[in-house]
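Residue-level structure breakdown
Listed here are the chains, written in short residue letters.
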Amino acid sequence: MPLISPSLLSADFAHLAKDLDMINRSEADWLHLDVMDGVFVPNISFGFPVLEAVAKHCQKPLDVHLMIVDPGKFTPQVKALGAHIMNVHYEACPHLHRTIQQIHHAGMQAGVTLNPHTPVHVLEDIIQDIDMVLLMTVNPGFGGQQFIEHSIQKVKKLKELIQRTGSHTLIQVDGGVNADTAPRLVQAGVDVLVAGSYVFGAEQPEERIKQLKQIQKN
Ligand code: DX5
Ligand code: ZN
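Rules of the game
Residues numbered from 1 in each chain as written. Chains lettered and ligands numbered in written order. Predicted model: local features only at pLDDT ≥ 70, side-chain atom pairs only at ≥ 80, totals over all residues. Heavy atoms only, no water. Helix = DSSP H or I, 4+ residues; strand = E, 2+ residues; numbered from the N terminus. Rg over C-alpha atoms; globule rule 2.2 N^0.38 Å. Buried < 20%, exposed > 50% of the residue type's maximum accessible area, 1.4 Å probe, protein only. Contact = heavy atoms within 4.5 Å. Areas by Shrake-Rupley, 256 points an atom, 1.4 Å probe, with all protein chains shown as cover. Donors = N, O, S within 2.8 Å, 3.2 Å for Na, K, Ca; no water. Tetrahedral: all angles 85-135°; square planar, octahedral: opposite > 155°, others 65-115°. 1 Å grid on protein atoms, 1.4 Å probe; cavity = no way out; pocket = protein on both sides within 12 Å on 5 of 7 lines; lining within 4 Å. Points joined across faces, edges and corners; volume = space filled by probe spheres on them. Nonpolar A, V, L, I, M, F, W, Y, C, P; charged D, E, K, R; others polar. Pairing = 2+ DSSP bridges. Axes fitted to C-alpha atoms, helices over the stretch in contact; angles between N-to-C directions.

1. As for the overall build of the protein chain
Per the secondary structure count, the protein chain includes eight helices and eight strands. Taking 17 Å as the expected radius of gyration for a compact globule of 218 residues, we find that the protein chain reaches 16 Å, a close match to that expectation. Taking the principal axes of the C-alpha coordinates as reference, the protein chain spans close to 45 × 40 × 30 Å. A buried classification covers 53% of the 218 residues belonging to the protein chain. Of all intrachain contacts in the protein chain linking residues separated by at least 6 positions in sequence, the fraction that spans at least 24 positions is 65%. Total accessible area computed for the protein chain in this model is approximately 9900 Å², and 49% of it derives from carbon and sulfur atoms.

2. Some thoughts on the coordination of the zinc ion (ligand 2)
The protein atoms donating to the zinc ion (ligand 2) are His32 (NE2), Asp34 (OD), His65 (ND1) and Asp174 (OD), with metal-donor distances spanning 2.0 to 2.3 Å. For the zinc ion (ligand 2), the six donor atoms in the first shell make angles of 70 to 167° at the metal, so the coordination geometry reads as octahedral. For the zinc ion (ligand 2), the single-chain donor residues occur in sequence as H-x1-D-x30-H-x108-D. Judged by relative accessible area, His32 falls into the buried class, the value being 0%.

3. Overview of the layout of surface pockets
One number sums up the size of the largest pocket: a volume of about 260 Å³. When the residues that make up the lining of the largest pocket are grouped by side-chain class, the tally is 11 nonpolar, 12 polar and two charged.

4. Quick notes on the sheet that holds strand S4 (residues 85-89)
Pairing within the open sheet is parallel, and its eight strands lie in the order S1-S8-S7-S6-S5-S4-S3-S2. At either end of the open sheet lies a strand with only one pairing partner, and these are strand S1 (3-6) and strand S2 (31-36). Averaged over all adjacent pairs, the angle separating strand axes in this sheet is 25°, with direction ignored. Across five bridges, S4 lies against strand S5 (residues 109-114) in parallel orientation. Its bridge partner being in S5, His89 is matched across the sheet by Thr113.

The structure is reproduced here in C-alpha cells:
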C-alpha cells in the first residue's frame, strides 16, 4: 500500500478549512504543500503566512515541496511549521550535501526532488543520506498537467539504485497521478503518491484518496 500525500495546490483556497477538514477525516498519510517563488518555476503559489495557518489546522504530517531558489535558507521556517519532511530540488542546491545536513540537524526528514530532465544517477553518491527522492512526473509549477510516460522507467532506475546501495530511501512521485498512472507507478516501485487535481477535482475527494491507498503491488 502506498502512502498518499494529497497536494493542497488544487484545493479551494477560499475555503481551505473545509478542504483541510476533509484531509483530516480521510485516509491520507501526509499533506503535500507546494511552495513556488516565480523564479525557480514560472508560477507563485503560497508562502509561510498561509502555511502557518494550514499547519495549525492540519492533523496530518506535512510534506513540504519547495520549488524555490536557495531552499536551504528557509530551513528554520519549515521547521517552525512542524513539518515532517522538507523536499528541496537537486537543481536548486549547488551544495546539496550541506543542505541535507541542515534539514537533518533541524530534526526533519530530507527529500530531494528531481525535475523530469535530471537523471537519477546524479544521486548515486548521496542516496544513502536522504530519506526520500521525489521524482517530478510533470514539469513543476502547475497542477493538472499530463503525466510524462518516461517517468515509469525512471522509477525503475531509481529503485535499482536504492537496492544496489542498500538504502532505505522512499520514492515519491508528483504530477499527473490518477487511476491510470498510480497503479503502474506503484508496480514500478513508488512508495508515496502525491495527487492534486485527481483528489481535489473530484466530487468525493475522500473516496479518491481511499482508492489510491488501496492500490496493491503484485
Ligand atoms: C506541481 C506540484 C504538484 C501538483 C500536482 O508543480 O509540485 O504537487 O499539485 O498536481 P496534479 O496532481 O494535479 O498533477
Ligand atoms: Zn509538489
